[in-house]
Amino acid sequence: MEIGVNTFGDFGKDPVTGVDVSPQQRMAHLLEEIELADEVGLDVFGLGEHHRREYLISAPTVVLGAASQRTKRIRLATAVTVLSSDDPVRVWEQFATLDLLSNGRAEILAGRGSFTESFPLFGYDLRDYDELFSEKLELLLALRDAGDEPVSWQGTLRPSLENAVVVPQPVQRPLPIWIAVGGNPESVIRAGALGLPLYIAIIGGMPERFAELVELYREAGRRAEQPPEKLKVAIGSIGFVAGSDENARKRFYPGYAAMMTQIGRERGWGPMTPRGFEALNASRGALLVGNPEQVAEKILFEHSLFDLDRFALQLGAGPVAHADVMHAIELFGTEVAPRVRAELDAPKMVSSGEKAT
């Protein structure tokens, strides 16, 4: 199983000093974080696209392009690309360029987005929310499948293409395209039918409730006669790791509570409270906040539910001090990931008369 981290580039006041962190400083810190993730042996780093004041990253491929020159092996992905409000041709060109810069380490995680600011920003009607994603995904896959050949395509919400030459071409053939979802069954079925890998973001509730979605995805793939090796599953969960459970909670909670309370005001939720946080961070809750052993145990629990191909820890949801994030990445790469890999690689106990694997 691949193990990596995600971030939205949360920024604002440093929760330790109370001093405002400038966009320039946060960007420098972000590149340091990606570089460290590569150094400690993590498999993937994902950047979420947002168009809000609280998040730094509105142009993830630009940041990933810079990171490609400071890293050697880590895969560079979005988490996610809001395909519905972007142009598939530009998305393809940008990621193909990133793939060339990184020597074949780029990945697209395409989703509809959990926030809607990008739709009016780029002139799209929210009433077309579902149709925009479906049509643009169709074009993105046509560009992937065309290779070096010109592309002809017809749609209703985007101008058609007639023998269009789209360059450059990536190192990877095919360039990986994942479908990222938050729990929409139709999106899950579509991903399985198309034979695209599935990324599920779990931000609340109990992870068990997503098991049915994973089975729905795999069943859709089987019905479409997709090869099993194409039907990969990744889970993204919010969390944080520190040397002790107490310290992890202390570093993570203030920014998380402020962010979730703010989003709650926008969406009609109640404020985040310590009690609510404890429920989410319980042994079978959605959050993974704790010491290395605790975080590893929860990743293994999610693997037992979903038979994962990839797990990504979203480090924080709200500002966390850069020094604490760097320490979390170091612990995640040097203590959490080795624990998880060792457990998954260990021979399994079998009944008498059978051979161990």
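Scroll up a little and you will see the structure.
This is a predicted model, so every value here is computed, not measured. (Residues numbered from 1 in each chain as written. Predicted model: local features only at pLDDT ≥ 70, side-chain atom pairs only at ≥ 80, totals over all residues. Heavy atoms only, no water.)

A. Local environment of the overall build of the chain. Helix and strand counts for the chain come out as 11 helices and 12 strands. Against the compact-globule benchmark of 21 Å for 357 residues, the chain has a radius of gyration of 20 Å, which places it among compact chains. With 357 residues in all, the chain has 53% of them scored as buried. At a minimum sequence separation of 6, the contacts of the chain that also span at least 24 residues come to 73%. Summing over all exposed atoms, the chain offers an accessible surface of approximately 16,300 Å²; the carbon and sulfur share of this is 53%. Positive and negative side-chain charges of the chain, numbering 36 and 50 respectively, have mean locations separated by a distance of 2 Å. (Helix = DSSP H or I, 4+ residues; strand = E, 2+ residues; numbered from the N terminus. Rg over C-alpha atoms; globule rule 2.2 N^0.38 Å. Buried < 20%, exposed > 50% of the residue type's maximum accessible area, 1.4 Å probe, protein only. Contact = heavy atoms within 4.5 Å. Areas by Shrake-Rupley, 256 points an atom, 1.4 Å probe, with all protein chains shown as cover. Lys, Arg positive; Asp, Glu negative; His and termini not counted. Charge placed at Lys NZ, Arg CZ, Asp CG, Glu CD.)

B. Here's a closer look at the nonpolar core. The biggest cluster of nonpolar side chains holds 92 residues, and the ones touching the most others in it are Leu42, Tyr256 and Phe332. With eight residues, the single largest contributor to this core is helix H11 (residues 322-345). Setting aside residues no more than four positions away along its own chain, Leu42 makes contact with Ile3, Val5, Ala37, Arg73, Ile74, Ile329, Phe332, Gly333, Ala337 and Arg341. (Core = buried A, V, L, I, M, F, W, Y, C linked by side-chain atoms within 4.5 Å.)

C. Geometry of the environment of Phe332. As for its placement among the helices and strands, Phe332 is situated in helix H11. A sequence separation of 90 residues divides Phe332 from Ala242, and the C-alpha atoms of the two residues are 8.8 Å apart.

D. Spotlight on the environment of Val167. By secondary structure assignment, the location of Val167 is in the loop between strand S7 (161-164) and strand S8 (177-181). Here Val167 falls in the exposed class, since its relative accessible area comes to 52%.

E. How the structure looks around the packing of aromatic side chains. Considering all chains together, one arrives at eight aromatic pairs under this definition. Their ring planes at 55° and their centres at 6.2 Å tell us that Tyr55 and Phe115 sit as a pair that is tilted. Of this pair, Tyr55 sits in the loop between strand S2 (44-47) and helix H2 (60-68) while Phe115 sits in the loop between strand S5 (106-111) and helix H4 (118-121); the two residues are 60 residues apart in sequence, bridging distant segments of the chain. By relative accessible area, Tyr55 is classed as buried at 6%. Seen in terms of ring centroids, Phe119 and Tyr129 are 5.5 Å apart; in terms of plane orientation they differ by 35°. Their pairing is tilted. With a gap of 10 residues between them, Phe119 in helix H4 and Tyr129 in helix H5 (residues 129-146) connect regions that are remote in the sequence. Site record: aromatic cluster; members linked through ring pairs are Phe240, Phe252, Tyr253, Tyr256 and Phe277. Sitting over the face of the ring of Phe115, Arg267 holds its NZ or CZ atom 4.8 Å from the ring centroid. (Phe/Tyr/Trp six-rings, centres within 6.5 Å; stacked < 30°, edge-to-face > 60°. Lys NZ or Arg CZ within 6 Å of the ring centre and 35° of its normal.)

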